[in-house]
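Here is how the chains run, residue by residue.
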Amino acid sequence: MWVSPEEVLLAGALWMTERANPYFILQKRKGHGGAGGGLAGLLVGTLDVVLDSSARMAPYRILYQTPDSLSYWIIAHGTSRKEITEHWEWLEHNMLQTLSIFENENDITTFVKGKVQGIIAEYNKNHDVKEDDDTDKFKEASSRFRKLFGMPEEEKLVNYYSCSYWKGKVPRQGWLYLSINHLCFYSYLLGKEVKLVVRWADITQLEKSATLLLPDGIKVSTRSHEHVFSVFLNINETFKLAEQLANIAMRQLLDNKGFEEDRSLPKLKKKSPKKVSALKRDLDARAKSERYRALFRLPKDEKLDGHTGCTLWTPFNKMHILGQMFVSTNYICFTSKEEMQCSLIIPLREVTIVEKADSSNVLPSPVSISTKNRMTFLFANLKDRDFLVQRISDFLQQTPSKSCLERELTGSLNSSDDEVYSQHGSLLSTSPQHSLSSEGERSFNLNDSSVPTATQALMTMYRRRSPEEFNPKLAKEFLKEQAWKNHFTEYGQGVCMYRTDKTKELVLKGIPEAMRGELWLLFSGAINEMATNPGYYEDLVERSMGKYNLATEEIERDLHRSLPEHPAFQNEIGIAALRRVLTAYAFRNPNIGYCQAMNIVTSVLLLYAKEEEAFWLLVALCERMLPDYYNTRVVGALVDQGVFEELAREYVPQLYDCMQDLGVISTISLSWFLTLFLSVMPFESAVVVVDCFFYDGIKVIFQLALSVLHANIHQLLGCKDDGEAMTVLGRYLDNVTNKDSTLPPIQHLHSLLTDNGEPHPEVDIFKLVRSSYEKFGSIRADVIEQMRFKQRLRVIQTIEDTTKRNVVRSVVTETAFSMDELEELYVLFKAEHLTSCYWGGSSNPTERHDPSLPYLEQYRIDVEQFKGLFNLLFPWANGAHSDPLAARFFRLLDQNGDAFINFREFINGLGVLCHGDLTEKLKLLYKTHVLPEMTSEQEEPDSAFEATQYFFEDITPETSIGQDTKNRSEKDDGFVRVTFKTEKVKKLNNPDYRHYLKLWNQESKSKTEHTKDLPKLNQSQFIELCKTLYSMFSEDVAEQELYHATATVTSLLLEMGEVGKLFCRAGRDRERTQPTEARQTDAFVPGAADEGKGGDVREPSPPMQDIKLEDSSPKDNGASSSAMLISDDEAKDDTSVSSYSVLSAGSHDLDDKLQCEDIADDTVLVRSEGQDERGGGGGVDKDWAITFEQFLASVLTEQALVSYFEKPVDVTARITNAKNVHKVGRPLLSTSDYDISLSG
């Protein structure tokens, strides 16, 4: 390829000149090619790999040089001699003569460089090459990666790093390539080549390893291998990127969300590192945005635009706090350098003015931001203030608003500052009780019956206070409220308030009952989603109410189990509100739908928040704060269970071994984490835990769980079984009390069940929470995320292994394959699915993989994927001729007609070919040809039945273009109507084919079938069967012998079909009535209209006359031992009889060929009304047919065919071969110099 001219210092070093002229030199890299270079070539090859020259240097190049100059310019390089020779010849023919005209060397150089750049520009224009941010060096590395590992263009390289790979005890220096779906390594040292390919989806463990020998290494584990890489220049960057890519793969396994490149990234700056690819920048930006959203609890689609160091003036303590300012599309955020000193979130919807204040020595480069609730924030020490203000101004213009008032121009240096008002204003900035739904609350109807609705938090409706009894508690509650009001006065109220360690102190002391809903919304970030989606919840309720699915059934079942001890859920108002919130969320997020424990959490949210607020709190909980907790397999809770085990090992080591032996941690953590302790603690105590959780996140739950274990350490060490340990923990949690609660005491259900009358010391919830912060407060959120990644790999791969075991167990009794063989086949089946997800397929991956389905249905493959596996595993596959047979097999195996097959269907088909007897194999072959073959003109059918309809509608003479379907359906009473998922309803026009379909339907449903029940094979299907047989043997050792045997069998079957045809006609002639004969005579007159076809059902075509059985055939076509079958497939017409040649019976001699004779010239076929008839063409003989018994008996007469079909199949060898074939379709050369690991 032509490259932009680049100067080369040493033209001769490491290169050999092959051709030269006065201006150009063609060179080859030393060491490239089979027998070139000797020791020097080996050294060059090794240096290329170690020094990354392999990424930059193609093996051939062309240099430009002026005669009297010592400087050289590379203008082209090539990976093959053919490619570089084409460029060389073009230069000789088009450039040499032109260059001789120039007198000045500088003019020659300018001309050559301009010409080459023009060629490149023209090529890019003609081939629609889109400009991207990837540097030339990275593009060459990417090309090298695809060439080395046989990857397609769709497999995008993210980055590559120099490192050593430990193969045994020997390190191999080379390059680690990290792509979207694979981790690959390549090394070439002194003639020894090492290649490694590992799918991210197969990795079970990824961790940094530190040993005396390898202080900085990365260990990558799969189910079968461990790979260690070391000697990285930047191990942290490499490991973070590997973590991110493995996470994407796990996400794909979990919910089928693949990687989609972000096209909205800003252009690469000139100062950026040269090797960074656009994908690497994309992933870095994602990682930063993810940390940003987690830190400030922002909506999950918020993207970080940038961040910068600055100071924030805090009026409450008159200080400038050092920290970082973050700017994104909809928010400006700040966090102090010292953790928890101060943080701030300013939604742009709240901002009225952004202005640059005057700089001073005390306050350099200040920016003032004012909000609607009259708060002003002063940032200073900003490095690039002008750019920052302009960026914020741009985002303000994009902020959606109903009333966009006049923009003010304030500040110095002509900075423009926008005054933008949001649709509803701040939810909490002026009044803590204000809500979007406070005025417009409306009654929702469920099943057309009026259901009472709550217009406020349920707790305010069912709060029963007795002033005489609870005066001290009410006084304490009043003091709490006053403390929070004072805090709001000093630090601001609403979403823009300063959040400091004093805020945290107030949370730990307990949030007042009246403010709980408001502050939960604020701390969880749900307030932002609610403010930016007005009316969303009400619309969702209207759309979801009255609709039923599995989720709504489960919701109805659990409604009355949600806090049944609380009076708010002992009547229809609370139950109806809970139903609406859960149903609305199930419709918002069908991937989660509904999961047990959501009802308990949501019922508590409804007690303290209004209905819409409770919905958005649930959204924040399920989608951000407890990710993957409430899906069908509670993956998030299982991941955090693993994290909790790690934390227990670190913080309570003396208890860890005991708990592991008892198996208690796995039991307790799920119930504690899924319900945030609401199901195991008294209600008034558990809500304090929820207060802290919304403020500080999941670390609160871990801290509290560790505190509970630590408090019971001595009792737990004395437990003998898990039941005793659970009783100890249960009784402890039952006695956690909240003495400050103003609520009437509600007896906890768990305590009712476990109370045995023995007194247990009470535990104050506030002391327990504070103790958890003191003892385990050092647990950091980023450390938890790191642990979550490690556990997520383990949990998801464990789920995948469980799925594999369950699938294998479900099919092992139905097949002769062993358990090990089935497991290997399942891995290949799943790998084929994943490969198509990576690099595209003919169907949507979401349709093929649904983790919510039963295990057997989770992975399914379509016909294109099946063809790949068919070629690798099925013994009848034979290279070029395999695809048509594979397509037939697929349609036969696709029993439910959804254009996908699951693992059971796949194994059933493969099992017959590998372990079936001769009759079963021939029956399968026969059945694959009973269904008609799809033609390219027809659209892909939804099922085998629809394929049959297409086929028979095409050859039915009664079909006419203008005929009314409704009238036909009334006249053709009793015909089969089949409705498919595409909502298409087709109808068969002939009772013979209706009978055929009934037989086939019964056959597909019943497992026990008789050979006599199989439909007969008609002439065109027989032709296709013969084609399959001939192509099947094309690569067999006994090819000639099998051809002779096939010729004999087909000749015999042809004669049987002809004889059967004569009997069929004779019987029909006796039954035929005179009017029918008259009508048929009319029909045979060329050009005559078919007058009777609007009414009665008739034969698909009239009996064809003058078809004779030839006993001899001409021998002048050349001596050939193989039978020849010719069919005119192209002569099909939508409204005519399909035109096929009719086979005549050949001689019984093995050397005789089957001949194809045309139908007699005087035969005229029926045409549809309004179209010209065509005589002399061939046609399918509808009376000709053979049965399976005839086919079986004929094959049994030939020992060569019997031996072929009875030949044992080495399943293990086929599986091994399939595993060694690269998934792109190219086998990797497995020689002694290669180390190829396709893990999985």
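Scoring rules and cut-offs
- Residues numbered from 1 in each chain as written.
- Predicted model: local features only at pLDDT ≥ 70, side-chain atom pairs only at ≥ 80, totals over all residues.
- Heavy atoms only, no water.
- Helix = DSSP H or I, 4+ residues; strand = E, 2+ residues; numbered from the N terminus.
- Buried < 20%, exposed > 50% of the residue type's maximum accessible area, 1.4 Å probe, protein only.
- Contact = heavy atoms within 4.5 Å.
- Areas by Shrake-Rupley, 256 points an atom, 1.4 Å probe, with all protein chains shown as cover.
- Pairing = 2+ DSSP bridges.
- Axes fitted to C-alpha atoms, helices over the stretch in contact; angles between N-to-C directions.
- Polar contact = N/O pair within 3.5 Å; in protein donor to acceptor, adjacent residues only side chain to side chain.
- Salt bridge = Lys/Arg side-chain N within 4 Å of Asp/Glu carboxyl O.
- Core = buried A, V, L, I, M, F, W, Y, C linked by side-chain atoms within 4.5 Å.
- Phe/Tyr/Trp six-rings, centres within 6.5 Å; stacked < 30°, edge-to-face > 60°.
- Lys NZ or Arg CZ within 6 Å of the ring centre and 35° of its normal.
- Patch = residues over 30% accessible without salt bridge, like charges linked within 9 Å, V, L, I, M, F, W, Y side chains within 5 Å.
- Lys, Arg positive; Asp, Glu negative; His and termini not counted.
- Charge placed at Lys NZ, Arg CZ, Asp CG, Glu CD.

(A) Region of the structure containing the overall build of the protein. Within the protein, the regular secondary structure consists of 44 helices and 29 strands. A total of 1240 residues make up the protein; the buried ones form 54% of that total. Sequence separation of at least 24 residues holds for 67% of the intrachain contacts in the protein that already meet a minimum separation of 6. Carbon and sulfur atoms provide 51% of the accessible area of the protein, an area that totals close to 56600 Å².

(B) Layout of the sheet that holds strand β4 (residues 60–64). Strand order in this open sheet of five strands is β1-β5-β4-β3-β2, and the pairing throughout is antiparallel. The open sheet terminates on both sides in strands that have one partner only, identified here as β1 (2–8) and β2 (15–20). Going across the sheet, the axis of each strand differs from the next one's by a mean of 30°, ignoring polarity. With five bridges connecting them, β4 and strand β5 (residues 72–78) associate as antiparallel partners. For I62, the partnering residue across the bridge sits in β5 and is A76.

(C) Looking closely at the side chain of S1194. Here S1194 is to be found in helix α42 (residues 1188–1196). For S1194, the side chain forms a polar contact with the main-chain oxygen of Q1190, separated by 2.7 Å. Apart from residues lying up to four places away in sequence, S1194 is in contact with V1049, L1052, L1053 and M1056.

(D) Layout of the pattern of salt bridges. All told, the structure shown has 31 salt bridges when counted by the stated rule. The residue D282 makes a salt bridge to R286 at a minimum N-O spacing of 2.9 Å. Taken together, the residues D282 and R286, both in helix α8 (residues 278–296) and four residues apart, mark about one turn of the helix. Ionic pairing is found between R579 and E556, a salt bridge with its closest N-O pair at 2.6 Å. Residue R579 is located in helix α17 (residues 572–588), and its partner E556 is located in helix α16 (residues 550–558); the two are separated by 23 residues in the primary sequence. Judged by its relative accessible area of 9%, R579 falls in the buried class. Since its relative accessible area comes to 35%, E556 is described here as partly exposed.

(E) Spatial organisation of the environment of T803. Looking at where T803 falls in the secondary structure, it is placed in helix α29 (residues 781–812). Considered as a pair, T803 and Q858 are 55 residues apart in the sequence and their alpha carbons are 8.6 Å apart.

(F) Layout of the sheet that holds strand β13 (residues 304–314). Ordered by their spatial adjacency, seven strands build an open sheet running β16-β15-β14-β13-β19-β18-β17, and the pairing between neighbours is antiparallel. For this open sheet the edge positions go to β16 (343–347) and β17 (351–356), each flanked by a neighbour on one side alone. Strand-to-strand, the axes of this sheet are offset by a mean angle of 30°, without reference to chain direction. When strand β15 (residues 331–336) meets β16, the two strands line up antiparallel, connected through five bridges. Bridging from a neighbouring strand, T335 pairs with S343 of β16. Contacting β13, β14 (319–328), β15 and β16, α8 crosses the sheet at an angle of about 75° to β15. On the sheet, helix α9 (residues 385–398) packs against β13, β14, β15, β17 and β18 (367–371) and is oriented at approximately 160° with respect to β17.

(G) Representation of the nonpolar core in the model. Counting residues in hydrophobic clusters, the biggest one holds 154 residues, and the most contacted among them are F379 and Y630. In contact with F379, other than residues within four places in its own chain, are C310, T311, L312, M325, F334, L344, I346, S365, P366, V367 and I369. Listed in part, the 112 residues of the second largest apolar core include V811, L1025, L1054 and F1188.

(H) Local environment of the packing of aromatic side chains. In the structure shown here, the tally under the stated rule is 56 aromatic pairs. Taken together, the ring pairs connect Y826, F829, F866, F870, F874, W876, F889, F890, F903, F906, Y1204 and F1205 into an aromatic cluster. The ring centre of W73 lies 4.0 Å from the NZ or CZ of K113, which sits over that ring. Positioned above the aromatic ring of Y608 is the side chain of R516, whose terminal nitrogen or guanidinium carbon lies 5.1 Å from the ring centre.

(I) Quick peek at the pairing of β2. With five bridges joining them, β2 and strand β3 (residues 24–29) adopt antiparallel strand pairing. Along β3, the bridge assignment pairs W15 with R29. What sits between the antiparallel neighbours β2 and β3 is a turn of three residues.

(J) Broad picture of helix α21 (residues 653–662). Within the span of α21, buried status applies to L655, Y656, C658, M659 and L662. Looking at the buried side of α21, the elements it contacts are α20 (635–651), α22 (664–674), α24 (699–711), α25 (713–717) and α26 (722–734).

(K) Fine view of unusual backbone geometry. Its identity is not glycine, yet A597 carries a phi of approximately 95°, on the positive side. In this fold, A597 is placed in the loop between α17 and α18 (598–608). Positioned with a positive phi, L676 is a non-glycine residue whose angle comes to about 55°. Mapped onto the secondary structure, L676 falls in the loop between α22 and α23 (683–696). Residue classification places L676 among the buried positions, given a relative accessible area of 2%.

(L) Broad picture of a positive patch on the surface. Together, K208, K240, K288 and R291 give the surface a local cluster of positive charge. Within the secondary structure layout, K240 lies in helix α7 (residues 235–255).

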